[in-house]
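Tertiary structure, described
For reference, the chains in residue letters:
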Amino acid sequence: MKDTKNILLIVTGSIAAYKAADLASMMKKAGFNVNVVMTQNACNFITPQTFESLTGNRCVTDMFDRNYEFKIGHISLAKLSDIVVVAPASANIIGKIACGIADDMASTTIMASKCPKLIVPAMNTAMYENPIVQDNLKKLDSYGYEIMEPAEGLLACGDTGKGKLPPVEDIFAKVNSMIGHEHDLSGKRILITAGPTMEAIDPVRYITNHSTGKMGYSLAEAAVDRGADVTLVSGRTSLKKPFGVRIIDVVSASDMAEAVFSEAKDQDIFIFSAAVADFKPEKVSDSKIKKKDGEAPEILLTRTEDILDRIGHDHRDDQYVCGFAMETEDLLANAAGKLEKKNADMICANSLNDEGAGFGTDTNRIVLIKKTGNKELPFLSKRELADIILDEIIAAFPL
Ligand code: CTP
């Protein structure tokens, strides 16, 4: 992040108010300057001191607080902020904003601010589903407010349904995508493959590999934060689904190929980071293969379709194709061979021999291989590498 961005977090009276402390802490740790305004009702659920300790800034609760350092509090805070996040947003504050009521520090500041605004409703299901609340949310949406859908589950009041505050990690990811990065991929559609594929032998067994999907998921998160429209075609992983990404879950190499080919014409950029099985059993047994004394079954393998190779040769001139190569020997020569053979614009080559690089790690060492030459990147986190790979791709546009 270049300049410190200012977030104004408005906490209103909902039992979920205590979760806003986690959110404030996450924002602060990520390097944002966080100011918090609480409504009087919010103070019944959590104290201003909690937010002051977490953010290092005075928490404002009263419009006429004479000790407050800003001259005309609501105007100063409104001007200072790069984003206003109302989380949790009660039915009351949503109604007030929608009707133009400004009668306390929270509502006056929202009204006075011109920056992007994110509303995160959290309330009882019946209140959330009330047509008046829904109409108010539609009205805010029509005025350009971003609104997050509440999560479903068991609510504090004992009801089960929609109305829970979404996970704070998702709220933070949404804020990050709104102001954390320059939107230099805005308007670009990116398809990313990630994770392993699984090739069935019988209903119980399969062939797979050690990929965890971390590199592809980091690329998807980075691309969303930079404003791209991201489709992630993902093999089975245990990773949390990145917020704001369209996910197509697949199992086998042929599922992955089918998903990629059906989405291909709509994409500007392809990044193939999945560890796709090169071979699959020629026949999948309908029933479990049973042991026979002293014998081991022979499983005949056949080739899967190479997705990168097909897209590499079939793509339009205005589409960019990036592949990966994981090698155990002759990294540069083998990766350069793949660039040529699969007709890609770039191959991100990584060696399985480097410590801290490869499957399941949070870090990686990559060499970018292009027709114009190689670029060796430092040992970095997968997320940092994802941003550098995207920088390299953006620099190639217009193609
Ligand atoms: N890939 C693909 N479809 C396949 C196999 C691989 O799209 N069926 C893509 C991977 O996602 C990666 C690149 O091709 O971007 C390199 O894959 P890799 O398995 O390293 O190379 P191969 O071409 O399969 O060559 P080899 O196994 O001989 O190293």
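Residues numbered from 1 in each chain as written. Predicted model: local features only at pLDDT ≥ 70, side-chain atom pairs only at ≥ 80, totals over all residues. Heavy atoms only, no water.

So, on to the domain arrangement of the protein chain. Accessible area lost upon the coming together of the parts serves often as the stated size of an interface. According to the domain assignment, the protein chain contains domain 1 (6-179) and domain 2 (189-396). Taken together, the 7 residues of domain 1 in the interface contact 4 residues of domain 2. Around 490 Å² of area is buried between domain 1 and domain 2 when both sides are counted, 61% of it from carbon and sulfur atoms. For the domain 1 face of the interface with domain 2, the top three residues by lost area are Asp170, Asn176 and Ser177, together amounting to 62%. Lysine 240 is the salt-bridge partner of aspartate 170, the closest N and O atoms lying 2.7 Å from each other. (Domains from an automatic or database assignment. Contact = heavy atoms within 4.5 Å. Buried area = accessible area lost by both parts, 1.4 Å probe. Salt bridge = Lys/Arg side-chain N within 4 Å of Asp/Glu carboxyl O.)

Turning our eyes to something else, we now look at a nonpolar patch on the surface. On the surface, a nonpolar cluster with roughly 320 Å² of combined accessible area is contributed by Ile15, Tyr18 and Phe45. If you trace the backbone, isoleucine 15 turns up in the loop between β1 (6-11) and α1 (19-29). With relative accessibility at 46%, the residue isoleucine 15 sits in the partly exposed group. (Patch = residues over 30% accessible without salt bridge, like charges linked within 9 Å, V, L, I, M, F, W, Y side chains within 5 Å. Areas by Shrake-Rupley, 256 points an atom, 1.4 Å probe, with all protein chains shown as cover. Helix = DSSP H or I, 4+ residues; strand = E, 2+ residues; numbered from the N terminus. Buried < 20%, exposed > 50% of the residue type's maximum accessible area, 1.4 Å probe, protein only.)

On to the environment of glycine 356. As for its position among the elements, glycine 356 is in the loop between β17 (346-351) and β18 (363-364). In this structure glycine 356 comes out as partly exposed when scored by relative accessible area, which is 24%. The spacing of glycine 356 and tyrosine 320 is 36 residues in sequence and 29 Å in space, taken between C-alpha atoms. Residues within four places of glycine 356 in sequence aside, it is in contact with Thr361, Thr363, Asn364 and Phe379.

At a closest axis distance of 9 Å, the pairing of α1 and helix α2 (residues 48-55) adopts a crossing angle of 15°. Judged on the interaxial angle alone, α2 and α1 are roughly parallel. Crossing of α1 against α2: the hand is right-handed. On α2, the residues that touch Ala20, Ala21, Ala24, Ser25 and Lys28 of α1 are Thr50, Phe51, Leu54 and Thr55. (Axes fitted to C-alpha atoms, helices over the stretch in contact; angles between N-to-C directions. Parallel < 35°, antiparallel > 145°, perpendicular 65-115°, else oblique. Left-handed = near helix turned anticlockwise from the far one by under 90°.)

This part covers the site of the ligand. Every one of the 15 residues lining the ligand counts as a neighbour, but Phe272, Ala274, Glu305, Phe324 and Lys342 are closest to it. In the environment of the ligand, an oxygen atom lies 3.0 Å from a nitrogen or oxygen atom belonging to the side chain of aspartate 278. Contact between the ligand and threonine 304: a nitrogen atom at 3.5 Å from a side-chain N or O atom of the residue. Here the ligand has 570 Å² of accessible area as a free molecule, and 76% of this is covered by the chains. When residues of the shell around the ligand are traced back to their parent elements, those giving at least two are α11 (307-314) and β16 (320-327). Element by element, the count of residues in the shell around the ligand is highest for β16, at 3 residues. Here the residues of the shell around the ligand are counted per class, giving 8 nonpolar, 2 polar and 5 charged. (Near = heavy atom within 4 Å. Polar contact = N/O pair within 3.5 Å; in protein donor to acceptor, adjacent residues only side chain to side chain. Nonpolar A, V, L, I, M, F, W, Y, C, P; charged D, E, K, R; others polar.)

It is worth spelling out unusual backbone geometry at this point. Of the consecutive residues alanine 87 and proline 88, the connecting peptide bond is found in the cis state with omega at -5°. Cis geometry marks the peptide bond from phenylalanine 397 to proline 398; its omega dihedral reads -5°. Within the secondary structure, proline 398 is located in the segment after α13 (382-395). In this structure, aspartate 330 takes a positive phi of about 45° despite not being glycine. Checked against the element boundaries, aspartate 330 lands in the loop between β16 and α12 (331-341). Residue classification places aspartate 330 among the exposed positions, given a relative accessible area of 57%. The phi dihedral of asparagine 343 falls on the positive side, at around 55°, and the residue is not glycine.

Within β1, 6 of the 6 residues are buried, which leaves it mostly tucked inside the rest of the structure. Here β1 shows no split at all, with Asn6, Leu8 and Ile10 on one side and Ile7, Leu9 and Val11 on the other all buried. The sheet contact formed by β1 and strand β2 (residues 33-38) spans 6 bridges and is parallel. Across the sheet, leucine 9 pairs through a bridge with valine 36, a residue of β2. Viewed along the sheet, the connection from β1 through α1 into β2 turns out right-handed. (Pairing = 2+ DSSP bridges. Right-handed = clockwise from strand over helix to strand, strands pointing away.)

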